[in-house]
Amino acid sequence: MEADAKAYDELSGPQIEEGSQFVHELNLSLGDKVLDMGCGTGHVTKYIANIVGPDGQVVGVDPDAERIKIAKEKYKGISNLQFYVGSSAIGFLYDNEPYYDVHISTNAFHWIPNDEKSIYLQKAHQCLKSGGKLAIFCAAKMPDDVRTAGYYPLTQQGCRDLFQEIGFFNDVVVDEPPYLFRFKSFAEFKQWYKASTHLDLDDEDPVFIKKFITLEDDGQVSLKGLNICITACKD
Ligand SMILES: C[S@@+](CC[C@H](N)C(=O)[O-])C[C@H]1O[C@@H](n2cnc3c(N)ncnc32)[C@H](O)[C@@H]1O
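Quantities reported herein were computed from a predicted structural model and do not represent experimental measurements.

1. What to know about the overall build of the protein
Looking only at helices and strands, the protein has eight helices and nine strands in total. By the compact-globule yardstick of 18 Å for 235 residues, the protein fits well, its C-alpha radius of gyration being 17 Å. Along the longest, intermediate and shortest principal axes, the C-alpha atoms of the protein span 50 × 40 × 30 Å. The proportion of buried residues among the 235 residues of the protein is 50%. Expressed as a percentage of contacts within the protein between residues at least 6 apart in sequence, the contacts between residues at least 24 apart total 75%. With 23 positive and 36 negative side-chain charges, the protein shows a spacing of 2 Å between the two charge centroids.

2. What about the site of the ligand?
Every one of the 16 residues lining the ligand counts as a neighbour, but Tyr 8, Gly 38, Asp 62, Arg 67 and Thr 106 are closest to it. Between Asp 62 and the ligand, the recorded distance is 2.6 Å, taken from a side-chain N or O atom to an oxygen atom. Within the side chain of Thr 106, an N or O atom sits 2.7 Å from an oxygen atom of the ligand. When isolated, the ligand has an accessible area of 600 Å², and the protein chains bury 89% of it. Split into classes, the residues belonging to the shell around the ligand amount to eight nonpolar, five polar and three charged.

3. Let's talk about the UniProt feature "domain: Methyltransferase" (unreviewed entry) in the protein
According to UniProt, the positions carrying the feature "domain: Methyltransferase" (unreviewed entry) are residues 34-132. Here residues 34-132 is 33% helix and 27% strand, with 10 Å between the C-alpha atoms at its ends.

4. Comments concerning the nonpolar core
Among soluble globular proteins, nonpolar side chains are generally buried collectively. By size, the foremost hydrophobic cluster in this structure holds 28 residues, and its most contacted members are Leu 121, Leu 134 and Phe 169. The set of elements that each furnish at least two residues to this core consists of β1 (33-37), β2 (57-62), α5 (114-126), β5 (128-139), α6 (156-166) and β9 (221-233). Every residue in contact with Leu 121, bar those within four places of it in the chain, is listed here: Phe 109, Leu 134, Ile 136, Leu 162, Phe 163, Ile 166, Phe 168 and Phe 169.

5. Describing the pattern of salt bridges
Scanning all chains against the criterion turns up seven salt bridges. Ionic pairing is found between Lys 123 and Asp 95, a salt bridge with its closest N-O pair at 3.6 Å. Residue Lys 123 is located in helix α5, and its partner Asp 95 is located in the loop between β3 (81-85) and β4 (100-106); the two are separated by 28 residues in the primary sequence. A relative accessible area of 22% means that Lys 123 is categorised as partly exposed. By relative accessible area, Asp 95 is classed as buried at 15%. A salt bridge links Lys 190 to Asp 202; the nearest nitrogen and oxygen atoms lie 3.0 Å apart. Here the residue Lys 190 occupies a position in helix α7 (residues 186-197), and Asp 202 occupies one in the loop between α7 and α8 (206-212), the gap between them amounting to 12 residues.

6. Details of the packing of helix α2 (residues 13-24) against helix α3 (residues 43-52)
Direction vectors running N to C along α2 and α3 enclose 30 degrees, while the axes themselves pass 9 Å from each other. When the interaxial angle is binned, α2 and α3 end up roughly parallel. Two packed elements cross with a definite hand, and for α2 against α3 that hand is right-handed. Judged by residue contacts, Ile 16, Gly 19, Ser 20, Val 23 and His 24 of α2 engage His 43, Val 44, Tyr 47, Ile 48 and Ile 51 from α3. Its residues placed into classes, the contact of α2 with α3 shows six nonpolar, four polar and no charged.

7. Description of the side chain of Glu 18
Note on placement: Glu 18 falls in helix α2. If near-sequence neighbours (up to four positions away) are discounted, Glu 18 is found in contact with Asn 107, Phe 137, Tyr 179, Phe 181 and Asn 227.

8. What about the packing of aromatic side chains?
A full pass over the atoms with the stated rule returns 16 aromatic pairs. The interplanar angle of 40 degrees and the centroid separation of 4.7 Å between the aromatic rings of Tyr 179 and Phe 181 together place this pair among those described as tilted. With a relative accessible area of 17%, Tyr 179 lands in the buried category. Lys 33 extends its terminal NZ or CZ atom over the ring of Tyr 99, reaching a point 5.4 Å from the ring centre. The ring of Phe 109 has Lys 117 lying over it, and the distance from NZ or CZ to the ring centre is 5.2 Å.

9. Here we look at the pairing of β5
In summary, the side chains of a regular strand alternate between the two faces of the sheet. Sheet analysis places β4 next to β5, joined by six bridges and oriented parallel. Pairing of Thr 106 across the sheet is with Phe 137, part of β5. You can see the chain leave β4, run along α5 and come back into β5, and the turn it takes is right-handed. Pairing between β5 and β9: seven bridges, direction antiparallel.

The rules we used
- Residues numbered from 1 in each chain as written.
- Predicted model: local features only at pLDDT ≥ 70, side-chain atom pairs only at ≥ 80, totals over all residues.
- Heavy atoms only, no water.
- Helix = DSSP H or I, 4+ residues; strand = E, 2+ residues; numbered from the N terminus.
- Rg over C-alpha atoms; globule rule 2.2 N^0.38 Å.
- Buried < 20%, exposed > 50% of the residue type's maximum accessible area, 1.4 Å probe, protein only.
- Contact = heavy atoms within 4.5 Å.
- Lys, Arg positive; Asp, Glu negative; His and termini not counted.
- Charge placed at Lys NZ, Arg CZ, Asp CG, Glu CD.
- Near = heavy atom within 4 Å.
- Polar contact = N/O pair within 3.5 Å; in protein donor to acceptor, adjacent residues only side chain to side chain.
- Areas by Shrake-Rupley, 256 points an atom, 1.4 Å probe, with all protein chains shown as cover.
- Nonpolar A, V, L, I, M, F, W, Y, C, P; charged D, E, K, R; others polar.
- UniProt positions renumbered as here; feature names shortened; annotations may be inferred.
- Core = buried A, V, L, I, M, F, W, Y, C linked by side-chain atoms within 4.5 Å.
- Salt bridge = Lys/Arg side-chain N within 4 Å of Asp/Glu carboxyl O.
- Axes fitted to C-alpha atoms, helices over the stretch in contact; angles between N-to-C directions.
- Parallel < 35°, antiparallel > 145°, perpendicular 65-115°, else oblique.
- Left-handed = near helix turned anticlockwise from the far one by under 90°.
- Phe/Tyr/Trp six-rings, centres within 6.5 Å; stacked < 30°, edge-to-face > 60°.
- Lys NZ or Arg CZ within 6 Å of the ring centre and 35° of its normal.
- Pairing = 2+ DSSP bridges.
- Right-handed = clockwise from strand over helix to strand, strands pointing away.

In structure tokens:
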């Protein structure tokens, strides 16, 4: 886990870029209090802290203690940025009161088991102020995606159904933009895959590899897929 956390910190460029772009488009305000759920080693969390400024506050939460250790060490001394081990299941700072203006999660929602997703959303609702915003960026379930171990993406329609079922958020918008990640070599892609998922690519079904990955003539690897962007409001 420790090796994966360090490798994730070094190799997560593609996720950080798209997560930061998603955050940029949220038009956060100076002074906002923001929760970053599933913050990993804290790159995007730090990006959020820069946007909300010294009068704002950003709390990064992740169940992986090794990732939180790296985040705390890297960003110590930044007054508006704090990191804690936690999750919706374990609990997190101010999870039981309307404290945050915005609840953000980038590239983590697809790791939450489907039967826990409604608990996650209930907690997200509970910790937001009235008028607060939930913003989730994650991977979409692709047709024929045969990866199984610990990976629980939903389709765009699956997300809409989930929010309709739980009912307590308003103005729910679900988009499904495509993504394209490029890696210098297959070896680099393998390393990134292990660091991001804790899974060994050799254990995955070759159908998955053939369907989503292209080995270019120059040895580079392209990974194509769909993301999900969700924004929703609390009354
Ligand atoms: C791919 S990383 C994303 C990290 C960061 N948000 C980013 O965009 O770079 C996914 C993170 O989700 C975390 N995670 C897994 N299960 C979770 C859960 N139930 N609740 C919150 N975070 C979870 C993992 O520990 C991991 O750090």
